[in-house]
Amino acid sequence: MERAEDPVTYPVPWPYPIEYDQTERLDADVLVIGGGDAGCFAAMSAADRGARVILLEKAATIASGASGSGSDHWESAATNPCSRVTPEELVDAMIRSHDGYNNGISHYIECREGWDRLLDVEANGGKIRDTKDEFAGAPFRDEATKLLFAYDYHNRFTLRIWGETFKRGLLRACRRRRVRIIDRTMAAGLLTEGGRIGAPVVGAVGVNGRTGKFVVVRAKATVLCTSRPTRIWLFVPGAPGISEFRPPQCTGDGHAAGWRAGVAFTMLEKAIKAEWSGSRSFPPYGTGNNHNSWYACSMVDARGREIPWYDRDGRELKTVEERYRPAPGQTLFLKGGGEPDFPIYEFQGPDTPPTDELLQRGYTLPFYADLTRMPEHERRVIWGMMIGNEGKTKIPILQRYTEAGFDPARHLLQSYGDGWKSGAFLPQERQFFGLPGGMMNDWHLMTNLEGLFAAGDILFASNCDGHACATGHYAGRHAAGYARHRGDEQVDEAQVAALRARLYAPLGNDRGVSWQELNLAIARVMQHHCGEFKTDELLTNGLEVLRDLETRDAARLVARNPHDLIRSIEVCNILTSAEIVLYSSLARKASSRELHFTRLDHPDVDPPAWRKFVTVQQTPDGVKNDATPLDYYGNLTENYERENCDYLDRRTSR
Amino acid sequence: MTKPVHAIPDPAVFTPVSIDEQLCIGCNLCLLVCQADLFLPNPIKGGAPIVMYGGECWYEGSCVDYCPVPGAITLNGQLFNRVRWKEADDGGAGRSEP
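Residues numbered from 1 in each chain as written. Chains lettered and ligands numbered in written order. Predicted model: local features only at pLDDT ≥ 70, side-chain atom pairs only at ≥ 80, totals over all residues. Heavy atoms only, no water.

Draft legend 1. A look at the overall build of chain A. The helix and strand inventory of chain A stands at 15 helices and 21 strands. Taking 2.2 N^0.38 as the reference for a compact globule, 654 residues should give roughly 26 Å; the C-alpha atoms of chain A span a radius of gyration of 24 Å, in line with that estimate. Per-residue burial for chain A yields a buried fraction of 65% across its 654 residues. For chain A, long-range pairs separated by at least 24 residues make up 73% of all intrachain contacts whose partners lie at least 6 apart in sequence. About 22700 Å² of surface is accessible on chain A, with carbon and sulfur atoms providing 49% of the total. Charge separation in chain A, taken as the distance between the mean sites of 79 positive and 88 negative side-chain charges, equals 3 Å. (Helix = DSSP H or I, 4+ residues; strand = E, 2+ residues; numbered from the N terminus. Rg over C-alpha atoms; globule rule 2.2 N^0.38 Å. Buried < 20%, exposed > 50% of the residue type's maximum accessible area, 1.4 Å probe, protein only. Contact = heavy atoms within 4.5 Å. Areas by Shrake-Rupley, 256 points an atom, 1.4 Å probe, with all protein chains shown as cover. Lys, Arg positive; Asp, Glu negative; His and termini not counted. Charge placed at Lys NZ, Arg CZ, Asp CG, Glu CD.)

Below is the structure:
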C-alpha cells in the first residue's frame, strides 16, 4: 500500500479531473477579469451598486496580482488628512514631469480617491497606520493619525503602508459582497456583439488551468484588470518565472484579448532599456541602493567614503533629514532618487550623482548601502517595514537575509548597479516599466469598445498599487452604472466556437513546439527588430517574422495537460502584444525622449507635430492608426466632478 | 546491491522550494496560494505537494508565508543571485550570504 512518505514516482498522474469537453455558462451584470488589487476593488464597487459580479482570476485571488504578496508604499494620496498638496497640483506635476505623456484621467483619480481606497483597505483589515507606535517621534510620522510618509516628508502625499496585509482583506470584502470568484481560470478571449471586431463587448470566455474546463460568461459590462505584458524582450528558458520584474503570469492576456476585439491602444511604442529581471539582475530591493523602498539610504564606496547627496540646485545636503525635504523655494518633489526618467527642475528631488561621475571623482567600486549610518527610525523603516511589505521582500529578502545573519545595524550591503538597479542590461533588452503604454480610456475608464472598461496596469501610463486600487474602484462603479441601462445581448455562438477551437488546439498536438521555445523566439525577434533603434524596415520585417511564428509555429504548440495549455495560450498572447508594439512603433514617425523611442529613419526628437498620443487598433478593414491630443482629458476637476456626482454625494454622506 | 536507475525528463534548472516531508502536514495551502501554480497535490492524501513546475517560480514566497508549519517549506535563493555584505567597521573582507 502507498504511504504519504513514499517518494513520488514520475510521471505523476494528472491530479485534477479533466474537463476539456465541458462548458460552464454564466451570466453577470459586471464581469471583472483579473483578481489583483484593481480587480478586487472593481468587483467590490460594482457589487456595492447592486450588480451581480463574477470575477475571473488566473491564479488565486487571495495572493494574486503584481501586489498580491505586498507593496510598501502608496503614491499620490493627495487627499489624505496630512497632505499639503491638492490633487490638482500633484497630477499637474505628474503630467509635466512626463512631458505630457501621462494618463491625466487615471492619475487624477489616483490623486483624488487614493485616500478613500486606503480607508477601504483599513476597514477590511489592512494596516495603513503605525498602530503599534513602532515609529513614534519619527519625522516621517504624523502623531495624530499615525500615518507614515515616504520621500517628501514636508508634503506628505506618499504613504508607507503594510501592503502585505491588504489582499486577504480585499478577498474577504469581495466574498461578503457575494462576488462570485472563479480562481484558476484565465480569461482567454472577449466576446462581442455578433462576434464583430469593434462591436460592444458582451462577455468573455475562460479556461481553467487545472481541469481545462471552458467557461463562457455573458456580461452587460466587462472590466479588464489584467497586468501589462511581460516576456516580450526578456525570456529565460528553464527559469521563465524570473524572466521579468512582474509575476510570470502577467502575460498581457487582457491586451491580447482587447486587441483581437478592436480596442485602441496608445504609447505601446514606449519600452525602456530593461532595469529588472530575476535572472539578469540581483533580487529587486535586495541589494545595496538608495532609491524607491531604500530611499534615501546612505551609501559608501569600497573605502568607506560616504557618497554625497545633492538637491536640484547642486547644493550638498549635510543631514539625512534634508534628503526628505524640498529644496529651498521648491513646492514639492515627486520621488527623488532619479525618478521620473527625465525629472524637470520644478519637481526634481534629491539624489546622489550617477556612478560614472562618482568614479571620475575618485570614489571606488563596489558601493554599499550603509544602513548603519542612518538614524535608527530610518534604518528600521527601510529594513523591516518597507523591506518586508514590498511584493518580493518579506520571505526572500527580509527573512532569508536575517536567517543568514544580515544585521542592518552592523552590515553594509553590496550594490550591483546604478541607481536603484541591481544589474546591467543590453540596449536591445527592453521592458515595460515606468508608465508604459496600454488601453486608451475615457472619463468612465471605458475603452473605445462599448461595455468594456479598464483599470490598473492595463491602462496606458499606469504604475503603482494606489493607481490600481483607485482606478479599479472607479471602473467597477462606472461599469455597474453602464450595466443598469444595458439590454440582454446574447453571445455569438460562432465566435464562442471559434475561440474554443483556437484555444484548445495545442492539446491536439503530440509533438511540435513547446511554449518556452516559442517565447524565446518572440524575445529574439523583438530584440533584433524592435530594440534600441527602430526603422520602418526593421519593424515591418519584425511583423513578418512574428506573423510567421503565429501562423506556422503557434499552430504546432504542444500542451499535455491544462497547465501546459494555459502557458501555451499565454505565449500566444505575448506574441499578440509584441505585434501591437510593432504596429505602435510603426505608427510613430518621430523619435521621442520621454518615450525612449529612437527612430533612425525619423531622427527628429519630439517635433511639435508628433506631440500627441498615437493610437492603434484593429478594425474589420485592418489595423488603423489615429492620434489624440495629449490633453484630451480636458479640465480634470470639472470633468471628474461632472462624471462622479453620485460618488461625491455618497462620500459626503459617509 | 545496485539501486534501480530511472530517467526523469528535464529536471528544473533551479530548486525554488524545498518541502520537509516530515514536517509537512499535506494541507496544500502552498498549492492554493501559489501564483504560478507550481505545485501538484500528492497523489497520496496527506503527502507533501510535488514541486512540478519549479522553473515557473517567481520567488515571492507566498507558499512559505501561508504555510502553517514553520520550516515545512523553504524558499531557496538561486546560487547566482547570492548577495554579499560585510561588517561596517572592518572595511575589509566580506562574506557571501545567504
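Draft legend 2. Quick look at the interface of chain A and chain B. The interface of chain A with chain B comprises 65 residues on the first partner and 52 residues on the second. Of the roughly 4700 Å² buried at the junction of chain A and chain B (both faces included), carbon and sulfur atoms supply 57%. Our count for the chain A to chain B interface comes out at six salt bridges. For the salt bridge of D65(B) with R168(A), the shortest nitrogen-to-oxygen distance reads 3.6 Å. (Buried area = accessible area lost by both parts, 1.4 Å probe. Salt bridge = Lys/Arg side-chain N within 4 Å of Asp/Glu carboxyl O.)

Draft legend 3. Up close: unusual backbone geometry. All names here are of chain A. Note that the residue after Y295, namely A296, is joined by a cis bond; omega there is 0°. Positionally, A296 belongs in the loop between strand 11 (272-273) and strand 12 (299-300). Going from L365 to P366, the amide bond is cis rather than trans, its omega being -5°. Of note, P366 is situated in the loop between helix 6 (355-360) and strand 13 (368-369). A positive phi angle is found at R184, which is not glycine, with a value near 55°. Along the chain, R184 falls in the loop between strand 6 (180-182) and strand 7 (185-192). Here R184 falls in the buried class, since its relative accessible area comes to 7%. At D606, a residue that is not glycine, the phi angle is positive and equals roughly 50°. Relative to the helices and strands, D606 is located in the loop between strand 19 (598-599) and strand 20 (612-619). Take D606: its relative accessible area is 17%, and that puts it in the buried class.

Draft legend 4. The packing of helix 3 (residues 104-123) of chain A against helix 9 (residues 465-484) of chain A, seen in detail. Residue and element names in this part refer to chain A. At a minimum axis distance of 7 Å, the contact between helix 3 and helix 9 shows a crossing angle of 95°. Considering the angle they form, helix 3 stands roughly perpendicular to helix 9. Only G466, H467, C469, A470, T471, H473, Y474 and R477 of helix 9 make contact with helix 3, whose side of the interface consists of S106, H107, I109, E110, E113, G114, R117 and D120. In terms of residue class, the contact of helix 3 with helix 9 is built from four nonpolar, seven polar and five charged. (Axes fitted to C-alpha atoms, helices over the stretch in contact; angles between N-to-C directions. Parallel < 35°, antiparallel > 145°, perpendicular 65-115°, else oblique. Nonpolar A, V, L, I, M, F, W, Y, C, P; charged D, E, K, R; others polar.)

Draft legend 5. Quick look at empty space enclosed by the protein. By the definition in use, this model includes eight cavities of 30 Å³ or more. One number sums up the size of the largest cavity: a volume of about 130 Å³. What lines the largest cavity is simply K58(A), A59(A), R184(A), G209(A), Q249(A), H563(A), I566(A), R567(A), Q35(B), A36(B) and D37(B). Classifying every residue of the lining of the largest cavity gives three nonpolar, four polar and four charged. (1 Å grid on protein atoms, 1.4 Å probe; cavity = no way out; pocket = protein on both sides within 12 Å on 5 of 7 lines; lining within 4 Å. Points joined across faces, edges and corners; volume = space filled by probe spheres on them.)

Draft legend 6. Summary view of the environment of I181(A). Structurally, I181(A) can be placed in strand 6. Measuring from C-alpha to C-alpha, the distance between I181(A) and E57(A) comes to 7.5 Å, with 124 residues separating the pair along the chain.

Draft legend 7. Representation of the sheet that holds strand 4 (residues 148-149) of chain A in the model. All names here are of chain A. Overall, antiparallel pairing links the three strands, which are arranged 3-5-4 in an open sheet. A single partner strand is all that each edge strand has here, and the edge strands are strand 3 (73-74) and strand 4. Inspection of the sheet shows strand 4 paired to strand 5 (residues 159-160) by two bridges, in the antiparallel sense. Within strand 5, the residue paired with L148 across the bridge is R160. (Pairing = 2+ DSSP bridges.)

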